[in-house]
Amino acid sequence: MNWVLIITLFSLSSAVTLINNAKFNPDNRDVVLSNITGVNSQFNCICLCFSNSKCLTAMYSAITQRCILYLASLNQCTLTLMTTNAMTSVFTFRNKTLPAPSSVTNTNETVYGIWNTSAGQDSFASSAGTSSGNYVTSEGPINVFDNSFNTKYINFGSCNATFGLYDAECGVNTGLYVSIRRGPSLLQGFVFGTANSFPERDPLVISIEGSNESPSQLTFGSSWSLVYNGSCGLDVDPGRYSWGVLQWIVNNTKWYSSYRILVVSKRSTGEFVQYAEINLLAYYVD
C-alpha cells in the first residue's frame, strides 16, 4: 500500500499524509530548504520538517539516510510512485500554518523603468528626463525599494513636464521590472506607499507579472506570466507618506525570479503617476 494517513502526529493541526515508495519532484528546484544527511529514521525526518517553520513536505531515503525539506505542497510537484520497494517516502503536513511572508526586495536591487507597456506586451525602456517616457533623474524606479517615503518614482508616460496637467492618462502603462537578488520567490501579497503630494497622481489599478527568463529576455512580453491584476490598495486615499491596504494574491503557486509591475490607471488628472514605495511580500529560501 502506498498511502498511509497519520491522523494525529504532534497535534491535531499537524496531521501528516505519508506516501511510501514515492519520489517528490518539485516544480521549482528553489523550494529546497535543507538537504540533511545522517538521518536514521523516517520519524526523525518528519520531526525535522515539523520543527522548520517553512517546511510543508519532506522526502526521506532509508538507503542514503537523507532527508530533504521543501517549501512546497503536493500540488506543486510531480509525485512518482514506485512499483518496487525503493525505501523512499514522502510526507506532507496538512493545514500547517506558515509564518507570514517577508519583504523580498533589498535596497540594492537593480530596477528598470518602463513605459508604453501593457501586461503580456514588450517593454519599452524609460530614461531620465522631462519628456514622454521619462522620469525625473532623482525620482527614478530604484526609489520604490529604498525603504524611504522621502523619495518617489514618477513617470510621465505619454505626457511630459509641460503637457498633461489635466490628463488622467499621463503615467498610465508605465512601471518597472526587477530581478530579485535573493533569488526566486513565491509572491503572496504587496502594498503600495504614497508619495509626498497630489493624491490624484496615485496609481489605482496595477498588474504584476513574473518571469524566470534570463535578464536579456525580460524586455519581451512573452517572457512574462500574469500573477495579479487589480487594485493596488490605494482606492481610498490613506494620506501622504502612507501605506495603502495590503493586497493578498490568492492561489499563486508559481515561483519567479523577476517581477514586472505596471500602472493600469491612476486616481485622477496630472502630468505623471507617482508612488514612494512598493513592498513585495513573498516566501523564499534563505
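Analysis parameters
Residues numbered from 1 in each chain as written. Predicted model: local features only at pLDDT ≥ 70, side-chain atom pairs only at ≥ 80, totals over all residues. Heavy atoms only, no water. Pairing = 2+ DSSP bridges. Helix = DSSP H or I, 4+ residues; strand = E, 2+ residues; numbered from the N terminus. Phe/Tyr/Trp six-rings, centres within 6.5 Å; stacked < 30°, edge-to-face > 60°. Buried < 20%, exposed > 50% of the residue type's maximum accessible area, 1.4 Å probe, protein only. Patch = residues over 30% accessible without salt bridge, like charges linked within 9 Å, V, L, I, M, F, W, Y side chains within 5 Å. Areas by Shrake-Rupley, 256 points an atom, 1.4 Å probe, with all protein chains shown as cover. Salt bridge = Lys/Arg side-chain N within 4 Å of Asp/Glu carboxyl O. Disulfide = S-S within 2.5 Å. Contact = heavy atoms within 4.5 Å. Polar contact = N/O pair within 3.5 Å; in protein donor to acceptor, adjacent residues only side chain to side chain.

### With respect to the sheet that holds strand 16 (residues 186-193)
Next up, step 1: The strand order across the open sheet built from four strands is 9-22-16-19, with neighbouring strands paired in antiparallel fashion. Pairing within the sheet leaves two strands with one partner each, and these edge strands are strand 9 (102-103) and strand 19 (247-248).
Next up, step 2: Pairing analysis gives seven bridges linking strand 16 to strand 22 (residues 277-283), with the strands arranged antiparallel. Opposite F190, over in strand 22, you have L280 as the bridge partner.

### Some thoughts on the packing of aromatic side chains
Aromatic ring pairs are defined here through the distance separating the ring centres and the angle between the ring planes.
Next up, step 1: For the structure shown, the criterion picks out 12 aromatic pairs.
Next up, step 2: Ring centres 5.5 Å apart and planes at 90° place the aromatic pair F156 and F272 in the edge-to-face group. Taken together, the positions of F156 in the loop between strand 14 (153-155) and strand 15 (175-179) and F272 in the loop between strand 20 (258-266) and strand 21 (273-275) put the pair 116 residues apart, joining distant regions of the chain. Just as F156 is buried, F272 falls in that class too.

### Notes on a nonpolar patch on the surface
Next up, step 1: A cluster of nonpolar residues, L246, W248 and V250, forms a patch on the protein surface that exposes about 320 Å² of accessible area.
Next up, step 2: Tracing the backbone through its elements, the reader meets W248 in strand 19.

### Digging into the state of the cysteines
Next up, step 1: As enumerated under the stated definition, the model contains three disulfides in all.
Next up, step 2: C45 shares a disulfide with C67; S-S distance 2.0 Å. Between C45 and C67, the disulfide has an S-S torsion of 80° and is therefore right-handed. One end of the pair, C45, is in helix 1 (residues 42-51); the other, C67, is in strand 6 (residues 66-70), with 22 residues separating them in the sequence.
Next up, step 3: The exposure class assigned to C67 is buried, which follows from its relative accessible area of 0%.
Next up, step 4: Paired by a disulfide, C159 and C170 hold their sulfur atoms 1.9 Å apart. Here C159 and C170 share a disulfide; its torsion about the S-S bond, -75°, makes the bridge left-handed. Of the two residues, C159 is situated in the loop between strand 14 and strand 15 and C170 in the loop between strand 14 and strand 15; the sequence distance between them amounts to 11 residues. Take C159 and C170: they sit in the same class, and that class is buried.
Next up, step 5: The cystine pairing of the chain, numbering bonded cysteines in sequence order, is 1-4, 2-3, 5-6.

### Some words on the side chain of S223
Next up, step 1: Within the element layout of this structure, S223 appears in the loop between strand 17 (203-211) and strand 18 (225-231).
Next up, step 2: Apart from the residues lying within four places of it in its own chain, the contact partners of S223 are G210, S211, E213, Q217 and L218.

### As for unusual backbone geometry
Next up, step 1: For Q65, which is not glycine, the phi torsion reads 55° and is therefore positive.
Next up, step 2: By the element assignment, Q65 lies in the loop between strand 5 (57-61) and strand 6.
Next up, step 3: With phi around 60°, N251 is a residue other than glycine that occupies positive phi space.
Next up, step 4: Here N251 shows up in the loop between strand 19 and strand 20.
Next up, step 5: Given a relative accessible area of 75%, N251 falls into the exposed group.

### Brief notes about the environment of N279
Next up, step 1: By the element assignment, N279 lies in strand 22.
Next up, step 2: Along the primary structure N279 and F190 are separated by 89 residues, whereas in three dimensions their C-alpha atoms are 5.4 Å apart.
Next up, step 3: When sequence neighbours within four positions are dropped, the list of residues in contact with N279 reads S103, G189, F190, V191 and W243.
Next up, step 4: Reaching out from N279, the side chain makes a polar contact with the side chain of S103 at a distance of 2.8 Å.

### Some remarks on the pattern of salt bridges
Next up, step 1: Overall, the coordinates contain six salt bridges when judged by the stated rule.
Next up, step 2: R260 is the partner of E209 in a salt bridge, and the nearest nitrogen-oxygen pair spans 2.7 Å. Of this pair, E209 sits in strand 17 while R260 sits in strand 20; the two residues are 51 residues apart in sequence, bridging distant segments of the chain. As far as the burial class goes, E209 and R260 line up, both buried.
Next up, step 3: Bridged by salt links that share partners, the residues D202, D237, R240 and R267 form one connected network.

### Here we look at the sheet that holds strand 15
Next up, step 1: Reading across the sheet, the six strands line up as 11-10-15-20-17-18 and stay open at both edges, with antiparallel pairing between neighbours. Edge positions in the sheet fall to strand 11 (124-125) and strand 18, since each has one partner strand and no second.

### Focus: the pairing of strand 5
Next up, step 1: Most of strand 5 is tucked away, with five of its five residues classed as buried.
Next up, step 2: Of the two faces of strand 5, the one carrying T57, M59 and S61 and the one carrying A58 and Y60 are both buried.
Next up, step 3: Bridge analysis of strand 5 against strand 6 gives five bridges, and the strand direction is antiparallel. Residue M59 lies in a different strand from strand 6, and its bridge partner there is I68.
Next up, step 4: Hairpin connection between strand 5 and strand 6: a loop of four residues separates the two successive antiparallel strands, and Q65 in this loop has a positive phi of roughly 55°.

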